[in-house]
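The primary structure of each chain is shown beneath.
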Amino acid sequence: MSSQIAADDVEAVTIIGGPRDRFSTTERWLDRLFATTPGAGDRHRVIFVAGGAPDHLRRRWQERFGDRVEFVFHDEFLNQPQVRNIGLRMATTELAVLADNDCYPRSGWLEAMVRCQHDTDAVMVTPLILERPTTIHCAGTDLYKNIRDGVEYGHKYLRFLKRPYVDGCNLERSTVDYGELHLELVKAEPTLELGAFDERIIEVGEVDSGLTWAEAGYSMWFEPAAVVHFERGGPITVDDVAFFSWRWDFDRVAEGYRVFADKWGFDISEEGIFGGFVVDYNATVGWLARRYPSSATLKLGLAAKRLGNKFVGAPSRARATFRRAVQGTRNRKLGPVEVAGRSAPHR
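Keep in mind that this is a model prediction, so the values were computed, not measured.

About the cut-offs
- Residues numbered from 1 in each chain as written.
- Predicted model: local features only at pLDDT ≥ 70, side-chain atom pairs only at ≥ 80, totals over all residues.
- Heavy atoms only, no water.
- Buried < 20%, exposed > 50% of the residue type's maximum accessible area, 1.4 Å probe, protein only.
- Helix = DSSP H or I, 4+ residues; strand = E, 2+ residues; numbered from the N terminus.
- Pairing = 2+ DSSP bridges.
- Expected span 1.5 Å × (residues − 1).
- Contact = heavy atoms within 4.5 Å.
- Salt bridge = Lys/Arg side-chain N within 4 Å of Asp/Glu carboxyl O.
- Right-handed = clockwise from strand over helix to strand, strands pointing away.
- Core = buried A, V, L, I, M, F, W, Y, C linked by side-chain atoms within 4.5 Å.

Caption draft 1: Here's a closer look at the pairing of strand E11 (residues 183-187). Judged by how many residues are buried, E11 sits mostly within the fold: five of five residues are covered. Going residue by residue along E11, you find Leu183, Leu185 and Lys187 tucked away on one face and Glu184 and Val186 tucked away on the opposite face as well. Looking at chain direction, strand E4 (residues 95-100) and E11 are connected through five bridges and run antiparallel. When the bridges of E11 are listed, Ala96 appears paired with Val186.

Caption draft 2: Representation of helix H4 (residues 109-120) within the structure. Taking 1.5 Å as the rise per residue, H4 with twelve residues should run 16 Å; its terminal C-alpha atoms sit 17 Å apart, in good agreement. Of all twelve residues making up H4, ten are buried, and the element is well covered by its neighbours. Within H4, burial applies to Trp109, Leu110, Glu111, Ala112, Met113, Val114, Arg115, Cys116, Gln117 and Thr120. Its buried side turned inward, H4 meets helix H1 (26-36), E4, strand E5 (103-105), strand E6 (124-132), E11 and strand E12 (220-230). Asp121, located one to two residues past H4, shows a positive phi value of around 60°.

Caption draft 3: Highlighting the pattern of salt bridges. Within the structure shown, the criterion is met by 27 salt bridges. Salt-bridge contacts for Arg58 lead to Asp75; the nearest nitrogen and oxygen are separated by 3.6 Å. Placement of the pair is Arg58 in helix H2 (residues 55-65) and Asp75 in the loop between strand E3 (70-74) and helix H3 (80-90), with a sequence separation of 17 residues. Where salt bridges share partners, they join Arg20, Asp21, Arg22, Arg28, Asp102 and Glu231 into one cluster.

Caption draft 4: A look at the pairing of strand E1 (residues 14-18). Taking burial as the measure, the five residues of E1 include five buried ones, the bulk of the element. Burial along E1 is two-sided: Thr14, Ile16 and Gly18 and Ile15 and Gly17, pointing in opposite directions, are all buried. Where the polypeptide runs from E1 across H1 and back to strand E2 (residues 45-51), its parallel neighbour, the crossover connection is right-handed. Examined bridge by bridge, E1 and E4 share five bridges and lie parallel to one another. By the bridge assignment, Ile16 is partnered in E4 with Leu98.

Caption draft 5: Structural view of unusual backbone geometry. Positive phi, normally seen in glycine, also occurs at Asp149, with a value near 55°. Phi is positive for Glu270, which is not a glycine, with a value near 55°. Within the secondary structure layout, Glu270 lies in the loop between helix H8 (250-264) and helix H9 (273-282). A relative accessible area of 13% places Glu270 in the buried class.

Caption draft 6: Spotlight on the nonpolar core. Ranked by size, the top nonpolar core spans 64 residues in total, and within it Leu30, Val97 and Phe260 carry the most contacts. Those residues in contact with Phe260 that sit more than four places away from it in its chain are Ile201, Val204, Val207, Asp208, Leu211, Gly265, Phe266 and Ile268. Counting residues in each nonpolar core, the second largest holds 22 residues, with Ile16, Ile136, Ala188 and Val227 among its members.

Next up, the structure:
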């Protein structure tokens, strides 16, 4: 039976935030965090790790939140696993929240996640994630595999993706194969000891961490009473352009997929499907905005993206391109990884 934990009785946790691919959402995310999380910045320590943020944003964040947030700034850009590992090494509590700055929690989220962890002894708890105010992004996650042309492919499955959501729906707590990185509650010590956040894997690290925890014998759970809103496809500002471009660099993402395949023995590019997303999402910031960042060039890039998707079909062609890129970096860096004709190791 589920236990009950009042907001004032929630054990102290460390809340670690960082940018996913934009800096501009940070203030809104912190405002929302403090509005929905009793004890944040006091009983619940808040750490925000950011690499490469412009100086004027650093100063503004410090002025507004410096009395409640410990900011850790690095001059170079940091990816999500780097941010998480830096924050986890600073954590002094058993449990830690890992959150991107474009994933906005709703009231009661922390109590529900801690309650689930207490009931299940999970190493990781994932919430109900929305991608629009009333549209589900995922209500738990699964991993399944196909073998095509002798190659084993892993596929992510987001439960109830794009289904409507209203408060009080009858979704139930359940185990998961991994948790989407947007926001998670984890046991800090085993997560660090296992190296659950591999800093070489820029994308699909959620599956890597799930396999790592599972191999060590830990369980992972979905908690429907904890609701957060991941702002999918939000606006990008001039301050975000360089970081966004670095975060979604095609070759670096493909190299992370190669690392995953070498580590786990199967290809997680979803038979190239994810390449369509990478190319399409990269097109949010066009080449002109990358070279000459301004509001005008950002708008022009978005218009070009809409035309390209409608008339050129770039995401479809990108699937094959991404598959070739993953295989190409695999051959170029370490030589072919033999994954044909066998099951992935249970690691």
